[in-house]
Amino acid sequence: MSDTAGRGSTAVEDRSIAQLIQDLSEQMRRLVRDELRLATEELKQKGRHAGLGAGLAGFAGITAFFGAAVLIAAAVLGLALVLPGWAAAVIIGGALLVVAGIAGLVGTRQLKAAVPPIPEEAAAGVQKDVEIVKQRGHGNARA
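Residues numbered from 1 in each chain as written. Predicted model: local features only at pLDDT ≥ 70, side-chain atom pairs only at ≥ 80, totals over all residues. Heavy atoms only, no water.

All right, on to the packing of helix H2 (residues 17–79) against helix H3 (residues 85–114) then. Close contact between H2 and H3 brings their axes to 8 Å; oriented N to C, the two are set at 135 degrees. On the basis of the axis angle, H2 is oblique to H3. The chirality of how H2 crosses H3 is right-handed. For the pair H2 and H3, the contacting residues are Ile72, Ala75, Val76 and Leu79 in the first and Gly85, Ala88, Ala89, Ile91, Ile92 and Leu96 in the second. Of the residues that constitute the contact of H2 with H3, the class distribution is nine nonpolar, one polar and no charged. (Axes fitted to C-alpha atoms, helices over the stretch in contact; angles between N-to-C directions. Helix = DSSP H or I, 4+ residues; strand = E, 2+ residues; numbered from the N terminus. Parallel < 35°, antiparallel > 145°, perpendicular 65-115°, else oblique. Left-handed = near helix turned anticlockwise from the far one by under 90°. Contact = heavy atoms within 4.5 Å. Nonpolar A, V, L, I, M, F, W, Y, C, P; charged D, E, K, R; others polar.)

Here is the structure:
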């Protein structure tokens, strides 16, 4: 046991600094290569999960769309029990257009609030900082 340990340590002691640096360089390359391979594999797995998740979310959206369409048809049929069918369809269609119009207006306001996509408060803060630095610089130049 001690003989093996002794040979291992003498092997390192017998090697030149250049050889040790070369070994270190090779081990670093291998480590970086292995880390890149691991990162690539991890990204592939995450990509698979993201793709599956996006597909399922799309499927859920389409299914929800058809479910809403069936509920709208049910509302028309239910209202058609007391009104003519065309009148029930006009009322439900009009209500849907009103809801869509309101959602469109709110969405437009939200988009206008987000454009241009520049962090205005942060930019204003940077401008204030620049002005303060300029003022202090001019104050120090005068003194």
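From this point, the discussion proceeds with the structure in view.
Those places that UniProt annotates as "transmembrane region" (unreviewed entry) correspond, in this numbering, to residues 54–80 and 86–106. With 96% helix and 0% strand, residues 54–80 has end C-alpha atoms that lie 39 Å from one another. Between the C-alpha atoms that bound residues 86–106 the distance is 30 Å, and the span itself is 100% helix and 0% strand. (UniProt positions renumbered as here; feature names shortened; annotations may be inferred.)

Looking now at a nonpolar patch on the surface. Taken together, the side chains of Leu81, Val82, Leu83 and Ile91 present a nonpolar region at the surface, about 420 Å² in accessible area. For Val82, the position within the fold is in the loop between H2 and H3. Val82 sits in the exposed class, given a relative accessible area of 67%. (Patch = residues over 30% accessible without salt bridge, like charges linked within 9 Å, V, L, I, M, F, W, Y side chains within 5 Å. Areas by Shrake-Rupley, 256 points an atom, 1.4 Å probe, with all protein chains shown as cover. Salt bridge = Lys/Arg side-chain N within 4 Å of Asp/Glu carboxyl O. Buried < 20%, exposed > 50% of the residue type's maximum accessible area, 1.4 Å probe, protein only.)

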